[in-house]
Amino acid sequence: MKRNLATSATAIAALVLVGTAVSHATPILPYEFTSTHTEVPTQTGLTYSALTRTNLSFSTSPGTFNSGGWNLASEVDTTEYVEFTLTPETGYELNLTQISFDSQRSNTGPVFGEVRYSVDGYASGLTYTTTPLTEALGNNIWDFPDVYNATTPVTFRFYGYGATGSLGTLKFDNVAVTGEVLEGAQIAGDFNGDGKVNLADYTVWRDNLGGPESVFPDGTGDSSGLVDTGDYNTWKTSFGTGSEAMLSTTQAANVPEPATVVLLATFGLLVAARYRFR
Ligand SMILES: [Ca+2]
Ligand SMILES: [Ca+2]
Ligand SMILES: [Ca+2]
Ligand SMILES: [Ca+2]
């Protein structure tokens, strides 16, 4: 999403209204596989990937996500997993607290399972014993170290090992991350509220220099009350932040310096004043 609002005060005012819209949270939805194994939840502000297999094979089992080809070793093989990714959309953040899911092995499927997440590089997780074929799907809960205000994708991976036969399978269902999608989260320096800190925000700053800081979305300036060099410094510090980081070496070298801008702006005000009082 790219907005061109270089100089239009009306556009800026409209964006400020959007940026200060009521911030609210909605719960993250579960993968239920009511119809197909490729089914994903849909929700404003959050993109759910489908579950995918790496070095595993599809195995049919309506209403669940079932896979074969699990290893027979006694330890996790980190190159073999089922995974899914939650991606917060621009202007949204994720809070995550735990994951709950049902699992079931076939009679020769993996005896052990693990679930890990990308937050710590798949270093830690929950190890569980899978439910035998003769029982119903068993529920597992990993209460992981919480994640707050994530603006980048978070991936969960399921591993299985200790299969007793090469045809064994392991299925998942009701995969539910407990957490919420937060709307209206703002990034410092994102003066136009589009989720990125780039030259467009500089333009907003320049065009409002000396005016009230309330033209910026809440929390994006330095809270001094006026659009001033403090806000410029905030912007410069977080330049390149956001879902589409735009900082390149060339751009970094070309970040405008405030002294020049203040001079230009002052000149602009003088011209305007002269015009007004003529
Ligand atoms: Ca299901
Ligand atoms: Ca937790
Ligand atoms: Ca921006
Ligand atoms: Ca300020």
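Let us look at the structure shown here. (Residues numbered from 1 in each chain as written. Chains lettered and ligands numbered in written order. Predicted model: local features only at pLDDT ≥ 70, side-chain atom pairs only at ≥ 80, totals over all residues.)

Section: the nonpolar core
- Core analysis: the largest hydrophobic core is formed by 33 residues, its most contacted members being Leu-46, Val-82, Ile-99, Phe-158, Phe-172 and Val-181.
- Examining the composition of this core, we find that six residues originate from one element, strand β13 (residues 169–183), more than from any other.
- When residues no more than four places from it in sequence are discounted, the contact partners of Leu-46 are Ile-28, Leu-86, Pro-88, Glu-89, Tyr-92, Leu-94 and Val-181.
- Membership of the second largest hydrophobic core comes to 13 residues, among which are Phe-191, Leu-209, Phe-216 and Trp-235. (Core = buried A, V, L, I, M, F, W, Y, C linked by C-beta atoms within 7 Å. Buried ≥ 20, exposed ≤ 12 C-beta atoms within 10 Å, placed from the backbone. Helix = DSSP H or I, 4+ residues; strand = E, 2+ residues; numbered from the N terminus. Contact = placed C-beta atoms within 7 Å.)

Considerations on the pairing of strand β6 (residues 81–88)
- Within β6, six of the eight residues are buried, which leaves the element mostly enclosed by the surrounding structure.
- Examined bridge by bridge, strand β2 (residues 46–48) and β6 share three bridges and lie antiparallel to one another. From the neighbouring strand, Leu-46 faces β6, where its bridge partner is Pro-88.
- Of the strand pairs in this sheet, strand β3 (residues 52–54) and β6 are connected by three bridges, and their pairing is antiparallel. (Pairing = 2+ DSSP bridges.)

Quick look at the pairing of β13
- By the bridge criterion, three bridges tie strand β1 (residues 25–27) to β13 in an arrangement that is antiparallel. Of the residues in β13, the one forming a bridge with Pro-27 is Glu-180.
- Strand direction decides the pairing type here: strand β5 (residues 65–68) and β13, joined by four bridges, are antiparallel. Bridge assignment links Asn-66 to a residue of β13, and that residue is Lys-171.
- Pairing geometry for strand β7 (residues 92–105) and β13, over twelve bridges, is antiparallel. Bridging across to β13, Ser-100 finds its partner in Ala-176.

Here's the deal with the packing of helix α2 (residues 199–207) against helix α3 (residues 229–237)
- Interaxial distance between α2 and α3 falls to 11 Å at its minimum, and their mutual angle equals 180 degrees. The angle between the axes of α2 and α3 places the two elements in the roughly antiparallel class. Mapping the contact onto sequence places Asp-201, Tyr-202 and Trp-205 in α2 and Asp-231, Tyr-232 and Trp-235 in α3.
- The class makeup of the residues in the contact of α2 with α3 is four nonpolar, no polar and two charged. (Axes fitted to C-alpha atoms, helices over the stretch in contact; angles between N-to-C directions. Parallel < 35°, antiparallel > 145°, perpendicular 65-115°, else oblique. Nonpolar A, V, L, I, M, F, W, Y, C, P; charged D, E, K, R; others polar.)

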